[in-house]
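Structural features, examined
The chain contents come next:
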Amino acid sequence: MEAIKHVIVGTAGHIDHGKSSLVEALTGTNPDRLEEEKRRGITLDLGFAFLNLEGVRLGLVDVPGHERFVRNMLAGAGGIDLVLLVVAADDGIKPQTREHFEICRLLGIPRGIIAITKSDLADSDSLGLVRLEIEEFVRGSFLESASIVPVSARSGAGLDELKQTLQRSALAVAAKDATQHFRLPIDRSFAMKGFGTVVTGTLISGAVKVEDEVELYPARKRLRVRGLHSGGKQIERAVAGQRTAVNLAGIEHEEITRGMVLAPAGLFEVTQRVDARITLLASAPPLKNRARVHFHQGTAEAIAEVTLLNGSGELTAGESAFVQLRLDKPLLLLPGDRFILRRFSPVVTIGGGVVLDARAPRHKRKDAAVAQFLGVLEQGGREEIFAALVEATPRGTTFGEILARTAWTDADVRATAENLAGAKRLRILAGAPIVVAPAKAVTDYAAAIRKAVATFHRANPLLQGIPKQELRGRAGRARTEMFEAALGDLVHAQAIVVSGDLVREAGREITLSTDESRAKELIEREFESAGLTVPGFASVLAKLPVDAARAQKILQILLREKVLVKISSDLVFHRNTLQRLREMLAKYRTERGARLPITAFKELTGITRKYAIPLLEHLDREQVTRRAGDERVIL
Ligand SMILES: Nc1nc2c(ncn2[C@@H]2O[C@H](COP(=O)(O)OP(=O)(O)OP(=O)(O)O)[C@@H](O)[C@H]2O)c(=O)[nH]1
Ligand SMILES: [Mg+2]
């Protein structure tokens, strides 16, 4: 295990305020890697550099300040732990200083440092004024108590102090969690000679190793990690907080674009509909219900239609609300993911939010239950969230489904389920995969089963019980795990008895009237005395002292008791007859050998072909005989 801490520092600030120059002065790496950037002297896209300080390794992400490239800035801002907000001493706070600052705030970036750049261009009075302007600007925000360090990339003044401040802040900021599921939003994809496809990004959670199988979202392609690099060095394992280059086997670099994500294979689902909390900036124009906006999350962007779930017609500046976002393309989004919203046209940042439910169903607008559910997802602890998810799915949900919806680890899902089961709020039902269901859903279903069994007995007083499959149909559709658990509960409570495939009320015996008992005996005797030349049903039934419907039921009882055995749709034998037949065949085998031609079988039993064939097929099924060409072999 590497002991060193990994922290991502991102620049922010207005165009030309000296962000890239500062990154170069700090690290020795010019982050403007594109030829056009060098020629025009402005940053167009993200640039990267590294800085080793005592106890912490910084990955620097340099962003463009130009207002036309805010979308590129957003792709970089998604992974930042610490913002380095840059304000030029000779220019002060400008529009993209504000916009970048708001973006960092909306993304929930926890900490930052403010650099007053180009300090060589200002005397101490003007430096003091810029400092005042900045203090005023960040008051009441996450940057309120951030260090403000004047620096000059040109003279080198203040660089050491800035490095010390960076080190202190980086050690203080909460590190990304390497124990969570691996996720790498991709910011670049290219081919490297001798390697093939390489993608880069900020590893925002978890860890990845060489030879891991990973999945590319939303393309849903499974790929193998052939190699890993960070900061120009080959590594075996990359952890959260590292700028990471992944060499992928099995794909061309053109198939991968910025905005795609690498994650563990087979764990998550993509989504086009999420429920979220959004907040509008104080400067934003009103946002109408059903308005379309630009949605930016991680390195991805999409167009989203916003439905206000509070039922109002619009959201005004500074307001916050639960919304449903419908995206124009599928993305991998998870609860807790922060995003930025920009106006459709003209394109300016208007607000941002956090994903609460990435697998949201459609809602009625202004549904109190939805608001309550989202409130739990937003504010609740693990157990409350788990319980809310399970209770929203009465038919049961699997551990895997919970994991995909929450992005919690296996261990967290399991531990939370066990706590809730202990508190009797949910039931963990046997099955593979394991299913969890609300405790109440299982008791309700057990009650439905009990009712269905009782109804069955009333309608069929002569039958011993209801076959399981039929009972499942009558008690209301439920997953097998739920049915078995509810049935198990009822057996345990001694409310029902399951014998073989039949379910009946406990303490229930079938009572036959005298006529019925006589009829039962008659039928049995009739079949037994007939031996292998069995009578047709109709002729037996005609002789009985009960009506045809009753007779049919008695026949059913005899079949269920296995006194009579059904060989084919219209052939029924008494069990003693079949037993005698087996004995005859065993004797034949010792005396004359195992081979049994059909003619021999007919002679032996004295029955016609009409009975012989179905009977032999029955014996084959029972593995008394086996078919071999035109003959049978007695087993
Ligand atoms: N005098 C002086 N000039 C500086 C300093 N830092 C940067 N500059 C100049 O300011 C101009 C802009 O610097 P960049 O580092 O490209 O600014 P930037 O913030 O990265 O600009 P964008 O990425 O396009 O937003 C360049 O001409 C730099 O040479 C400094 O400390 N002192
Ligand atoms: Mg730049």
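For the structure itself, consult the block above.
Below you will find a few notes about this structure. The shown structure was predicted, so the numbers you read here are calculated from the model rather than taken from an experiment.

The rules behind each value
Counting restarts for each chain: residues are numbered from 1 in the order of the written sequence. Lettering of chains starts at A and numbering of ligands starts at 1, both following the order in which they are written. At least 70 in pLDDT is required for a residue's local features to be given in this predicted model, at least 80 for side-chain atom pairs to be given and counted, and no such filter applies to totals for whole chains, interfaces and linings, which use all residues. In computing side-chain properties, one takes all heavy atoms of the structure into account and sets aside hydrogens as well as water. Any two strands are treated as partners once DSSP identifies two or more bridges connecting them. Each helix is a run of DSSP H or I of at least 4 residues and each strand a run of E of at least 2, with the numbering of both proceeding from the N terminus. Each axis is a line fitted through C-alpha atoms, and for a helix only the stretch in contact is used; angles between axes span 0 to 180 degrees, taken between their N-to-C directions. Contacts are assigned to residue pairs with any non-hydrogen atoms lying within 4.5 Å of each other. For Na, K and Ca the donor cut-off is 3.2 Å; for every other metal, N, O and S atoms count as donors within 2.8 Å. Water does not enter the count, which can leave sites looking incomplete. For each residue, the accessible area found with a 1.4 Å probe, counting protein chains only, is set against the maximum for its type, and the residue is called buried under 20%, exposed over 50%, and partly exposed in between. When a carboxyl oxygen of Asp or Glu is within 4 Å of a side-chain nitrogen of Lys or Arg, the pair counts as a salt bridge.

**A look at the sheet that holds strand E1 (residues 5-12)**
- The strand order across the open sheet built from six strands is E2-E3-E1-E4-E5-E6, with neighbouring strands paired in mixed fashion. Lying at the two open borders of the sheet, with one neighbouring strand each, are strand E2 (47-53) and strand E6 (148-150). Between one strand axis and the next, the sheet turns by 25° as a mean value, whatever way the strands run.
- Contacting strand E4 (82-88), strand E5 (111-117) and E6, helix H5 (residues 124-138) runs over the sheet at an angle of about 155° to E5.

**Details of the coordination of the magnesium ion (ligand 2)**
- Protein coordination at the magnesium ion (ligand 2): the donors are Ser20 (OG) and Thr43 (OG1), at 2.0 Å from the metal. In this pair, Ser20 sits in helix H1 (residues 19-27) while Thr43 sits in the loop between helix H2 (35-40) and E2, placing the two residues 23 residues apart along the sequence. Each member of the pair, Ser20 together with Thr43, is buried.

**As for the pattern of salt bridges**
- Going through the model one piece at a time under the given rule, you end up with 33 salt bridges.
- Between Glu211 and Arg224 there is a salt bridge whose closest N-O contact spans 3.1 Å. Of this pair, Glu211 sits in the loop between strand E9 (207-209) and strand E10 (213-217) while Arg224 sits in strand E11 (residues 221-230), and the two are 13 residues apart along the sequence.
- Taking the relative accessible area as the measure of exposure, Arg224 reaches 35% and is therefore partly exposed.
- Put simply, Arg326 and Glu305 hold a salt bridge, and the shortest N to O gap is 3.6 Å. Here Arg326 is found in strand E21 (residues 320-331), whereas its partner Glu305 is found in strand E19 (residues 300-308), with 21 residues between them in sequence.

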